[in-house]
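In case you want the letters, here they are:
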Amino acid sequence: MDVDTDENSNAKGKEGQGKLIMVILVGAPGSGKSTFCELVMGSSSRPWVRICQDTIGNGKSGTKAQCLKSAASALNNGKSVFVDRCNLEIEQRADFVKLGGPQVDVHAVVLDLPAQLCISRSVKRTGHEGNLSGGKAAAVVNKMLQKIELPKLNEGFTRITFCHNETDVQSAIDMYKSLDLHNLLPHGCFGQKNPNKKVQLGIMKFLKKAEKPSETRSSANTVKDSPTPQTTQENSDSCDKKEESACTMSKNVDIESEKGECPGIRSLEDDISQSNSPTLAFPSISTSDFKFSHEKAAEIIVEKVEEFVDKLGNARLVLVDLSRGSKILSLAKAKAAKKNISSTKFFTFVGDITKLNSEGGLRCNVIANAANWRLKPGGGGVNAAIFSAAGPGLEVATKQQANSLQPGNVVAVPLPSTSPLFNREGVTHVIHVLGPNMNPQRPNYLRNDYDEGCKLLRNAYSSLFQAFISIVEDKFKSVKEIHERLGSVPSEPQKHSEDSHHKFKRENLQNPERSKKWKGSQDPTEALNQNNNKTVPKMSKHWGSWAQALYNTAMHPEQHSDTVLETSDDVVILNDIYPKARKHLLVVARHEGLDQLTDVCREHLPLLRTMHAVGLKWIDKFFHEDASLVFRLGYHSAPSMRQLHLHVISQDFDSSHLKNKKHWNSFNTDFFRDSVAVMDEVSSNGKASIMDDESLMSMELRCNRCRSAHPNLPKLKAHSFKCQAPFPSALLEGGRLVTAPSNAPLS
DNA sequence: GTTCTAGAAC
DNA sequence: GTTCTAGAAC
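Predicted model only: the values in this text are computed from it and were never measured. (Residues numbered from 1 in each chain as written. Chains lettered and ligands numbered in written order. Predicted model: local features only at pLDDT ≥ 70, side-chain atom pairs only at ≥ 80, totals over all residues. Heavy atoms only, no water.)

Novice: What is the right way to read the overall build of chain A from this model?
Specialist: The helix and strand tally for chain A stands at 31 helices and 22 strands. Here the analysis covers contacts within chain A between residues at least 6 apart in sequence; of these, 71% occur between residues at least 24 apart. (Helix = DSSP H or I, 4+ residues; strand = E, 2+ residues; numbered from the N terminus. Contact = heavy atoms within 4.5 Å.)

Okay, here's the thing in structure tokens:
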């Protein structure tokens, strides 16, 4: 037979009375289509048939006609069908879609995984030839992906599921696995990027149902109905185990282990479900990676809770920890009970702080993050989890508030409405907290100085709780009132997410000293300057000592004659000391206060033109040495080095200093702003647009000429060295690329 | 074992 | 920005 049939299907035969499903997989080679089918068919009670064009021809390459015939016949026999071929174009899918009808739901599952992942899998699969290079597989995958037409419902699909990463794929597999003969999936488009993330929410909600189709969640015991985060992760590949974990859920609620020890707390179960109360969920600060004494930390937590408990109104504080046997939770609980702190105001909870609502039924509008001083993602623990769950928007929003944080301080960040944490969990704010550090391996090590440590931890919790109360209070105050108190008038309609900014402004006016807590080490006045008040200087980024080299050179070129190639009143020109290509110059502006592109406004247009012209002059010089060079001039959206500088860089990227993805992507994604475009924008809008989303730096590596994707930098460089494809048309337009006069047209 | 990436420190 | 390096990926 030319099709794979799963074992269960034979036994059930045609008896299924429910509707059939035909899933048309859409994805490049290596995207995991066959694996998807195998995993679903391996443990599905619905009879499936997989129709694969690669194997249908019994050794020879199969045809679409063969696949169509087999699909029709399988459906006739009462089997649901996977169409396992690339199906990247509408035309390729159309004939299969036609097999649908009143008895057959036609679904698409789009495996839109990163090209480089598909490439590396394809290479592996054909690896026996030894020298089938990544480049060759890349060429195949890239060629196919260039033609992709993402499926739409109007092609005739009743449901489309988009998967962009392994997690999405696993979710979709679990979803299809869970289908028996009679249940079906909701119709519609799920998981598509761009339109907005609410579609994703649809998937998340459905997944919950699919896991436990027979259960309905009542608001009174939501906590008991949800699986524990731990067991969900461990058993994500098995529906049966998930059901099991759901049954053991009651252990998840920390209060459960309190039976008998703390009778007063029994009323908590009801309270937890009161989702209307503003709630701050916070991890224990400093006790994990910063190795702060649990005993002392618990003491401080409860002391600060007690101090703030009367100011909470109907709001609640929840200490969260991932592990059930958490020492800090039991310590804090015991101490709170001793002080008779109401369990409706403060309680502990075991769960993943990024999934409290979806998996624990605990709705928290504000969560605290145990941040690092750089306010950056990563590093593991709560910080990594929160940044990851919140998506790149959190980092961008955080940057708008502060660039770093001092121990004992916090910074409150409104979450963008596009963040999955906002959509799925109902979190409106993340408050970053930096606690004292007792770990010699981490920055700001306190050498066991617990006097200082306790002081900082008290500050941290005071600031945290105060920031939370400010956010809650803000909800009940009109923006207008706040502005009246500020003595300013809102210049544009206010969004909810901006509320807290204004609150902080007000707090700062009342108590400037406290602003240190909001803004880390930054000058309190900077916090005031952040928003719409254009009359005061805007907040500037903090530049590390290593980032001052260009600034120093620009201010005192005479002291750097060894590196400076040319000086004028407006600019200095120097070779980049770590050139990322054969020719790589920097044209540095000499204006004080012009740190980077975001500081540029219309008054700087003449300077920008001068910088560009000087760049062109030097390019012309280089053409006398090598007329085959091609140049691009532009600015980094968010430079690492202080002082506005224009990169003049040859497009060979042939340099031993170009070592990592960030290097490549900083010159080959939208992060790089072409000088000509910058001048146009400043001329017409008065400012240049910047693209400094972190995700640009981690984008897949693509050739700057043929746009092919490559699994890693060395492979890209090897390819780039020989790629002679013409440059993309977008670069050829508007003078973005500069070639020697004799060398045109480009090739 | 080697290659490569990515985070911490500066 | 780079260097160093742990550990992931191959």
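Novice: Is there a simple way to explain the packing of aromatic side chains in this structure?
Specialist: The geometry of an aromatic ring pair is captured by the separation of the ring centres together with the interplanar angle, meaning the angle of the planes. Inspection of the entire model under this criterion finds 15 aromatic pairs. Measuring from centroid to centroid gives 6.1 Å for Phe36 and Phe82, while their planes differ by 80 degrees, and the two rings are edge-to-face. In this pair, Phe36 is assigned in helix 2 (residues 33-42) and Phe82 in strand 4 (residues 80-84), connecting sequence segments 46 residues apart. Phe82 carries the same exposure label as Phe36, and that label is buried. Ring centres 5.7 Å apart and planes at 15 degrees place the aromatic pair Phe622 and Phe631 in the stacked group. The residues Phe622 and Phe631 share a single accessibility class, namely buried. Among the aromatic residues, those joined into a ring-pair cluster are Phe36, Trp48, Phe82 and Tyr176. Stacked on the ring of Tyr450, the Lys or Arg Lys296 has its end atom at 4.7 Å from the ring centre. The ring of Tyr551 has Arg642 lying over it, and the distance from NZ or CZ to the ring centre is 3.7 Å. (Phe/Tyr/Trp six-rings, centres within 6.5 Å; stacked < 30°, edge-to-face > 60°. Buried < 20%, exposed > 50% of the residue type's maximum accessible area, 1.4 Å probe, protein only. Lys NZ or Arg CZ within 6 Å of the ring centre and 35° of its normal.)

Novice: Is there a simple way to explain the nonpolar core in this structure?
Specialist: Across soluble globular proteins, you tend to see nonpolar side chains buried next to one another. One finds Leu280, Phe282, Ile431 and Leu464 to be the most contacted residues of the largest nonpolar core, which totals 45 residues. The element that contributes the greatest number of residues to this core is helix 20 (residues 450-475), accounting for 13 residues. Those residues within four positions of Leu464 in sequence are excluded, and the remaining contacts are Leu280, Phe282, Ala368, Val410, Ile431 and Val433. If you look at the next biggest cluster of nonpolar residues, it comprises 31 residues, including Val600, Leu607, Phe622 and Phe623. (Core = buried A, V, L, I, M, F, W, Y, C linked by side-chain atoms within 4.5 Å.)

Novice: Help me understand the packing of helix 26 (residues 605-625) against helix 28 (residues 675-685), please; the structure alone is not making it clear to me.
Specialist: Geometrically, a packed helix pair is captured by the angle between its two axes and the distance between the axes. Relative orientation of the contacting elements helix 26 and helix 28 amounts to 165 degrees, with a least axis distance of 10 Å. Classified by the angle between their axes, helix 26 and helix 28 sit roughly antiparallel to one another. Between helix 26 and helix 28 the crossing geometry is left-handed. Where helix 26 abuts helix 28, its residues Leu605, Leu608, Arg609 and His612 lie against Ser675, Val676, Val678, Met679, Val682 and Ser683. Along the lines of polarity and charge, the residues of the contact of helix 26 with helix 28 split into six nonpolar, three polar and one charged. (Axes fitted to C-alpha atoms, helices over the stretch in contact; angles between N-to-C directions. Parallel < 35°, antiparallel > 145°, perpendicular 65-115°, else oblique. Left-handed = near helix turned anticlockwise from the far one by under 90°. Nonpolar A, V, L, I, M, F, W, Y, C, P; charged D, E, K, R; others polar.)

Novice: Would you explain the confidence of the model for chain A in this entry?
Specialist: Across chain A, pLDDT averages 77, with 75% of residues at or above 70. Taken together, the stretch residues 127-132 has pLDDT below 50 and engages in two contacts with residues farther than four places along the chain or on a different chain. Confidence drops under pLDDT 50 across residues 195-274; counting only partners more than four residues distant or on other chains, this segment forms 128 contacts. (pLDDT = per-residue confidence, 0-100.)

Novice: Can you walk me through the protein's contact with DNA strand B in this structure?
Specialist: Surveying the vicinity of DNA strand B reveals the residues Arg374, Gly379, Gln441, Arg442, Pro443, Trp546, Asn712, Leu713 and Pro714. Restricting attention to atoms of DNA strand B within 4 Å of the protein, one finds that 67% of them are sugar or phosphate atoms. At 2.9 Å, a side-chain N or O of Arg374 approaches a base nitrogen of DNA strand B. Within the side chain of Trp546, an N or O atom sits 3.5 Å from a base nitrogen of DNA strand B. Partitioning the surface near DNA strand B into residue classes produces four nonpolar, three polar and two charged. (Near = heavy atom within 4 Å. Polar contact = N/O pair within 3.5 Å; in protein donor to acceptor, adjacent residues only side chain to side chain.)

Novice: I would appreciate a short explanation of the environment of Glu303 in the present structure.
Specialist: Tracing the sequence through the fold places Glu303 in helix 14 (residues 294-308). Apart from residues no more than four positions distant in its own chain, Glu303 is found in contact with Lys339 and Arg458.

Novice: Would you explain the pairing of strand 3 (residues 48-52) in this entry?
Specialist: For a regular strand, side chains alternate in direction, first toward one face of the sheet and then toward the other. For strand 3, the tally of buried residues reaches five of five residues, placing the bulk of the element in the interior. Burial along strand 3 is two-sided: the residues Trp48, Arg50 and Cys52 and Val49 and Ile51 are all buried. Pairing geometry for strand 3 and strand 4, over five bridges, is parallel. Considered in strand 4, the bridge of Arg50 is made with Phe82. (Pairing = 2+ DSSP bridges.)

Novice: I tried to follow the pairing of strand 10 (residues 346-350) on my own but got confused; where do I start?
Specialist: Most of strand 10 sits out of view: five of its five residues are buried. Burial along strand 10 is two-sided: Phe346, Thr348 and Val350 facing one way and Phe347 and Phe349 facing the other are all buried. Taken together, strand 9 (residues 316-321), helix 15 (residues 327-338) and strand 10 form a β-α-β motif whose crossover is right-handed. (Right-handed = clockwise from strand over helix to strand, strands pointing away.)

Novice: Is there a simple way to explain the pattern of salt bridges in this structure?
Specialist: A side chain of one charge can pair with a side chain of the opposite charge when the charged atoms of the two come close. Summed over the entire model, instances satisfying the criterion amount to 25 salt bridges. Between Arg442 and Asp289 there is a salt bridge, with the nearest N and O atoms lying 2.5 Å from each other. Taken as a pair, Arg442 in the loop between strand 13 (429-433) and helix 20 and Asp289 in the loop between strand 8 (279-283) and helix 14 lie far apart in primary sequence, 153 residues in all. The class for Arg442 is partly exposed, based on a relative accessible area of 34%. The partner of Lys304 in a salt bridge is Glu307, with the nearest N and O atoms 2.9 Å apart. Placement of both Lys304 and Glu307 in helix 14 is noted, with a separation of three residues, approximately one turn of the helix. Each of Lys376, Glu395, Lys399 and Glu694 takes part in salt bridges that share partners, so that together they form one network. (Salt bridge = Lys/Arg side-chain N within 4 Å of Asp/Glu carboxyl O.)

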